[in-house]
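For reference, the chains in residue letters:
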Amino acid sequence: MFALIDCNNFYASCEKLFRPDLAHTPVVVLSNNDGCIVARSKEAKALGFKMGEPYFQAKERIDRNGVMVFSSNYELYADISRRVMETIESVVPAIEIYSIDEAFADLRGFSDDHALSQMGKLIQSTVFKHTGISVGVGIGATKTLAKLANHAAKQYPKTGGVVVLTDKARIEKLMRITEVGEVWGVGRRLSRQLTDMGIQTVWDFIQHDTGSLRKQFSVVLERTQRELKGQACFGLDETPATKQQIVCSRSFGDRITQLDHLAQAVATYTARACEKLRSEAMSAQSITVFCRTSPFADKEPYYSNQASSQLSYPSDDTAVFLHQANELIQRIYKPQFRYAKAGVMLSNFYAPGTFQLSLFDEQPKDESKRKGLMSLVDQLNKQHKGQVFFGCEGISKPWAMKRDKVSPRYTTRWDELPVVR
DNA sequence: TCTGGGGTCCTAGGACCC
DNA sequence: TCTGGGGTCCTAGGACCC
């Protein structure tokens, strides 16, 4: 048995946590650069604001309806997420953290519906008591069924936010009224293709012949169908797999035209990507740099390009990658464009000591001094982000992203603690 | 004027090996 | 007349997730 625990309107709920005055106010949270709406409180949902809606298009309706707007504050959300996950972990035998606001739990050994339902309610009330965040809990024989149950828990308030999906008749009833596009693993594209084939509901979908489903689509969709029929294809991953790539990219607050600004931005992203790399205790051999103009500006020409390079042996040294990144951005920069976004991708990872040199490779230099320097830089920046940085990252950063409406980092900065009067 | 960021997995096809 | 079979590795592209 699996449970899927999902925080309700997570980012919006985090913002409300320290603002009791906003308890019944509609709240939306914007993506990086204050671009799109990425989270909505239930009041904002009721007003019809959509996920992914561009802020500038919604702004007039936001003002008119007295909606409170926040820039995203990931430092806050990550800390609240950690508290939620730790609480769930203290109640259930094992969990897999699936995203910042979701976790699967293993409920093996719980025999009857009543016990499962009690467990779901216990998770819900404990998380709320410890963190102030409300969650929905869906329980089923497979992960995909737990997801479906969770969807029902959110959709139907009468459930109280906890749904146990084990009873055959109940499963059929739910599947007959749920569109196939709601299923975990069926996105926009597949959903349209399936509807075109006459498969509208989840129930239609599980009646379809498994073999032909695999032939026409892929093994991925076959597994999804099997999971919905109660055959578990996915287990609980308690230890997160080691990353295979690290990406750091941002849209700019203002368009960039100058090469030195673009190079500064790329250097900043490179430094951040290397920091993440070291926190994974990995080294990378490849780096890709990309930049592009806005795909939405139809009055100006579109340009997008990328370039990669390979080190002769893997590294986790920021200076090594900064050098590469600078060469790469010089290669793809063209002066006549207004750049909207750039990014850096690290790949080809090796754990320490696992890289195989070839007969004619030079022995890598002794890097222990560099390692010490990098770990010191990481330590200092952990205490206070941006405390130490490379000069090529720039100082004034005129291209930095917009976050005009960011709330205090209430739980992770001494000077931003909430004040009670 | 203004449209996010960071990931994973699978498949098909090409290059190459014996 | 007759033109193999079996395999790996890599990459690009497409789908999905939050």
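Bear in mind that the values here come from a model prediction, so they are computed numbers and not experimental data.

## Digging into helix H6 (residues 143–155)
- If you check H6, its first and last C-alpha atoms are 18 Å apart, about what 13 residues at 1.5 Å a residue would give, namely 18 Å.
- Within H6, burial applies to Lys 143, Thr 144, Leu 145, Ala 146, Lys 147, Leu 148, Ala 149, Asn 150, Ala 152 and Ala 153.

## Some thoughts on the sheet that holds strand S1 (residues 2–7)
- One open sheet holds the five strands; their spatial order is S5-S6-S1-S7-S8, and the pairing between them is mixed. Because the sheet does not close on itself, it has two edges, and the strands there are strand S5 (94–99) and strand S8 (162–165). Taken over all neighbouring pairs, the strand axes of this sheet differ in orientation by 15° on average, direction set aside.
- When S5 meets strand S6 (residues 102–106), the two strands line up antiparallel, connected through five bridges. Looking at the pairing, Glu 96 lines up with Phe 104 of S6.
- Against the sheet, helix H5 (residues 113–131) touches S1, strand S7 (135–140) and S8, its axis set at about 155° to S8.

## Digging into helix H11 (residues 219–228)
- Looking at H11, one finds that the buried residues are Leu 221, Glu 222, Thr 224, Gln 225, Glu 227 and Leu 228.
- In this structure, the buried residues of H11 make contact with H6, helix H7 (168–177), helix H8 (188–196), helix H9 (202–207) and helix H10 (210–216).
- With its phi angle positive at about 100°, Gly 230 sits one or two positions after the end of H11.

## Digging into the packing of aromatic side chains
- Per the counting criterion, the structure on display carries 15 aromatic pairs.
- For the ring pair Phe 104 and Trp 184, a centre distance of 5.5 Å and an interplane angle of 50° mean the geometry is tilted. One end of the pair, Phe 104, is in strand S6; the other, Trp 184, is in the loop between H7 and H8, and 80 residues separate them in sequence.
- Members of the aromatic cluster, each reached through a chain of ring pairs, are Phe 10, Tyr 11, Tyr 74 and Tyr 77.

## Looking at the environment of Gln 216
- Tracing the backbone through its elements, the reader meets Gln 216 in helix H10.
- Between the C-alpha atoms of Gln 216 and Thr 270, which are 54 residues apart in sequence, the distance is 41 Å.

Criteria and thresholds
- Residues numbered from 1 in each chain as written.
- Chains lettered and ligands numbered in written order.
- Predicted model: local features only at pLDDT ≥ 70, side-chain atom pairs only at ≥ 80, totals over all residues.
- Heavy atoms only, no water.
- Helix = DSSP H or I, 4+ residues; strand = E, 2+ residues; numbered from the N terminus.
- Expected span 1.5 Å × (residues − 1).
- Buried < 20%, exposed > 50% of the residue type's maximum accessible area, 1.4 Å probe, protein only.
- Pairing = 2+ DSSP bridges.
- Axes fitted to C-alpha atoms, helices over the stretch in contact; angles between N-to-C directions.
- Contact = heavy atoms within 4.5 Å.
- Phe/Tyr/Trp six-rings, centres within 6.5 Å; stacked < 30°, edge-to-face > 60°.

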